[in-house]
Amino acid sequence: MDWELARDAFWPILSGGLTGTIPLTFVSFAIGLVIAVIVALLRLSPNVVLAGIGTAYVSVIRGTPLLVQLFIVFYGLPNLGVVVDPWPSAIIAFSLNVGGYAAEIVRAAILSVPRGQWEAGYTIGMGTARTLRRIVLPQAARVSVPPLSNTFISLVKDTSLASTILVTEQFRKAQEIAASNTDQFMLLYLEAALIYWIFCTVLAAGQSAIEKRLDRYVAH
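Rules and cut-offs
Residues numbered from 1 in each chain as written. Predicted model: local features only at pLDDT ≥ 70, side-chain atom pairs only at ≥ 80, totals over all residues. Heavy atoms only, no water. UniProt positions renumbered as here; feature names shortened; annotations may be inferred. 1 Å grid on protein atoms, 1.4 Å probe; cavity = no way out; pocket = protein on both sides within 12 Å on 5 of 7 lines; lining within 4 Å. Points joined across faces, edges and corners; volume = space filled by probe spheres on them. Nonpolar A, V, L, I, M, F, W, Y, C, P; charged D, E, K, R; others polar. Helix = DSSP H or I, 4+ residues; strand = E, 2+ residues; numbered from the N terminus. Axes fitted to C-alpha atoms, helices over the stretch in contact; angles between N-to-C directions. Parallel < 35°, antiparallel > 145°, perpendicular 65-115°, else oblique. Left-handed = near helix turned anticlockwise from the far one by under 90°. Contact = heavy atoms within 4.5 Å.

As annotated in an unreviewed UniProt entry, the protein chain carries the name Amino acid ABC transporter permease and is attributed to Myceligenerans salitolerans. Under the Subcellular location (unreviewed entry) heading, UniProt states for the protein chain: "Cell membrane". Reading the Sequence similarities (unreviewed entry) entry of the UniProt record for the protein chain gives the comment "Belongs to the binding-protein-dependent transport system permease family."

Structure (structure tokens):
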């Protein structure tokens, strides 16, 4: 193994993570979380049509591979006259995917809040929307942190798929360097894997801090 190459490649690969992988993850997760809350509320709606729309969305997203979803957005939409650049394509695909998986997490978290919390909100004059926003969602957030954190960490790794549509993120950087050093694939891909592991370890540590911060919203 060429350790000098490993040293020289470390910063370019890390830079690809800091300027590509991490921003792509945060933006996609933030948009996906908004989608997830909306879809979760649709699934909880007493309206059969709205609940059906939410259920269908979750079923389609969870029942199809992320790579296929990514290719549909980037390669498929141009057939309909809609051309989307690589970065927006990746954000759209990842956000929709996160929305489908996180929706079930959010829905389960909302359902886990005791019915008495809703009744307490109604008792002090809050409407359904305000009770949801002020009482239920903060408690549901605490319950959903561990699974949502896992979804977020998985997304960090899933962003490597964006390299297939030419998004310059961490894995794409490793591929570009490996292309001119074809006898060092193992070294460079192991280095990329190490950096992914470092990112995920740091994020997992942050999960505990967020859980502690949300503890005060839990009804005991």
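**Description of the layout of surface pockets**
Reported here for the largest pocket is a volume of approximately 400 Å³. Along its surface, the largest pocket is lined by 22 residues, and F29, L33, V145, L148 and S149 are the ones closest to its centre. Split into classes, the residues belonging to the lining of the largest pocket amount to 18 nonpolar, 4 polar and no charged. In this structure, the second largest pocket occupies an estimated 180 Å³ of space. Where the lining of the second largest pocket is concerned, the elements lending two or more residues are helix 1 (3-44), helix 5 (115-123) and helix 6 (128-158). In terms of residues, the lining of the second largest pocket owes the most to one element, helix 5, which gives 3 residues. For the lining of the second largest pocket, a count of residues per class yields 7 nonpolar, 2 polar and 1 charged.

**Structural notes on the UniProt feature "transmembrane region" (unreviewed entry) in the protein chain**
In the numbering used here, UniProt assigns the feature "transmembrane region" (unreviewed entry) to residues 20-42, 49-77 and 186-206. What you have in residues 20-42 is 100% helix and 0% strand, and the ends, taken at the C-alpha atoms, are 33 Å apart. For residues 186-206, the end-to-end C-alpha separation is 30 Å, with 100% helix and 0% strand making up the annotated structure.

**Here's the deal with the UniProt feature "domain: ABC transmembrane type-1" (unreviewed entry) in the protein chain**
In the numbering used here, UniProt assigns the "domain: ABC transmembrane type-1" (unreviewed entry) feature to residues 18-207. Counting secondary structure, residues 18-207 comes out at 81% helix and 0% strand; the distance between its end C-alpha atoms is 19 Å.

**Considerations on the packing of helix 1 against helix 2 (residues 48-62)**
Two elements in contact, helix 1 and helix 2, have axes separated by 7 Å at closest approach and are oriented at 130 degrees. Comparing their axes, helix 2 and helix 1 come out oblique. Crossing of helix 1 over helix 2 shows left-handed handedness. Here helix 1 contributes I35, V39, L42 and R43 to the contact with helix 2, which in turn contributes L50, A51, I53, G54, T55, Y57 and V58. Broken down by class, the residue content of the contact of helix 1 with helix 2 amounts to 8 nonpolar, 2 polar and 1 charged.

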